Amino acid sequence: MKYSTATAVVSAFIVGGCLVLPASAGSPAGTDPVQTNSAASAFGSYDPYGDFSNDKSATIEELFLPWEDVDLSTLPLADAYALQRGRSLLITIEPWTWSKDWRITPPELRNGILSGRYDANMQAICNLAGQMKSPVTIRWAQEMEDTNGRFTWANWAPKDWIAAYKREVDVCRKAAPAAKYMWSPKGMDGLEKYYPGDDYVDVIGLSVFGLQKRDNDETGRDRTFAETLKPGYDRVAKFNKPVVVAELGYVGKQDYVTKWAEETRKSYAEFPALTSVVYFNQKETWPWLNGYGLPDWRVTQHVLP
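Residues numbered from 1 in each chain as written. Predicted model: local features only at pLDDT ≥ 70, side-chain atom pairs only at ≥ 80, totals over all residues. Heavy atoms only, no water.

## Let's talk about the nonpolar core
Where a protein is soluble and globular, its nonpolar side chains tend to be buried together. Quick reminder of the rule: By nonpolar core is meant a set of buried Ala, Val, Leu, Ile, Met, Phe, Trp, Tyr and Cys residues that side-chain atoms within 4.5 Å join together. Only protein chains enter the calculation, and the probe is 1.4 Å; a residue is then buried if its accessible area is under 20% of its type maximum, exposed if over 50%, and partly exposed in between. Segments assigned H or I by DSSP are reported as helices when at least four residues long, segments assigned E as strands when at least two residues long, and all are numbered from the N terminus.
One finds Ile138, Trp140, Trp161, Trp183 and Phe225 to be the most contacted residues of the largest nonpolar core, which totals 81 residues. Of all the elements, helix H5 (residues 158-175) adds the most residues to this core, at eight residues.

Next up, the structure:
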């Protein structure tokens, strides 16, 4: 089955939604995720169900799309949707197809990228990104240091991943010179080996997920947002770049969810580079290790009995 951006993009424009999380503490409309927000973290979402479509506090709209088997004609709709709401766009480009039956091996993908075989895929997306009126940040091949086998581009030799990342940024810059570029590890130990250099990074993204059951299994108590963010933040702080939680989710009982919702909208003296958090309003498609299954991060589903 072929997938298209219609799945990830258009559904967020045509589905009405209700406001579930508390309002942000005064984030200005149209906040660029690269800019510093001294009052509190700006809020955004990846929102294929439209739950945040009317949220006046949301200033970032995230899109996920593969660079194969994709209908790029929907991307201008994303720009119009974001522009109407005063939001910037964070575009996560995954260098594969969403059809699992068609995926190639990590060596095949690596060799194809480094040989230039996929330059046209990146250029096609960035040609449209370069025409957008909304501020755009490009996030390519995220969580590259993760070893769990989820992504075809992850856990490569660092020099190969860096070479691939630089190649795609160079391709994109020609078509979208005004775009910003996000280097987005998961936040794990060893991420620094994949840093491509200051010239190729405008902002750093991290992934932060709170799963109450795992918290209690591992520590005997609930973890806070700050506690969960800290290890990854400390690892990237030395690069002196703005930091965005590019994927945020939390699941648990009502008190846990309420606390996380409040904490993610605050400012933290210990995280001075943190500018924005972007909620991942979707169910997992890759099983978590140790039997935690597929957490459902959707705001309409994430409060457990």
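## Overview of the UniProt feature "active site" (unreviewed entry) in the protein chain
This is how it is decided: UniProt positions are given in the numbering used here, feature names are shortened, and annotations may be inferred rather than shown by experiment. Should any heavy atoms of two residues lie within 4.5 Å, those residues are considered in contact. Whenever a nitrogen or oxygen atom comes within 3.5 Å of another N or O atom, the pair is scored as a polar contact, on the condition that within protein one atom can donate a hydrogen and the other can accept it, and that pairs from neighbouring residues in sequence are kept only if both atoms are in side chains.
Mapped onto this structure's residue numbering, the UniProt feature "active site" (unreviewed entry) falls at Glu143 and Glu247. A maximum C-alpha distance of 10.5 Å is found for the annotated residues, which run over 105 residues; spatially they form one tight group. Examined against the element boundaries, Glu143 turns out to sit in the loop between strand E4 (136-140) and H5. Apart from the residues within four sequence positions on either side, Glu143 is in contact with Phe151, Ala154, Ser184, Pro185, Lys186, Ser207 and Glu247. If we ignore the near neighbours within four places in the chain, the residues touching Glu247 are Phe64, Arg139, Gln142, Glu143, Leu206, Ser207, Val208, Phe209, Val278 and Phe280. A polar atom in the side chain of Glu247 sits 2.9 Å from the side chain of Arg139.

## Digging into the pattern of salt bridges
Pairing of side chains with opposite charge becomes possible as their charged atoms draw close. Spelled out, the test is: Just to be clear on terms, a salt bridge is a Lys or Arg side-chain nitrogen sitting within 4 Å of an Asp or Glu carboxyl oxygen.
In total, this model carries 13 salt bridges according to the counting rule given. One salt bridge in this structure joins Glu61 and Arg87, with 2.6 Å as the shortest N-O distance. Placement of Glu61 in strand E2 (residues 58-66) and of Arg87 in the loop between helix H2 (75-84) and strand E3 (88-94) is noted, with a sequence separation of 26 residues between them. On the accessibility criterion, Glu61 (2% relative accessible area) is buried. Several salt bridges share partner residues, and in doing so they unite Glu62, Arg139 and Glu247 into one network.

## Some remarks on the state of the cysteines
Definition in use: The disulfide definition used here is simple: a pair of cysteine sulfur atoms within 2.5 Å.
By the definition in use, this model includes one disulfide. The side chain of Cys126 participates in a disulfide bridge whose partner is Cys172; the two sulfur atoms lie 1.9 Å from each other. Residues Cys126 and Cys172 are joined through a disulfide that is left-handed, its torsion about the S-S bond being -100°. Residue Cys126 is located in helix H4 (residues 119-129), and its partner Cys172 is located in helix H5; the two are separated by 46 residues in the primary sequence.

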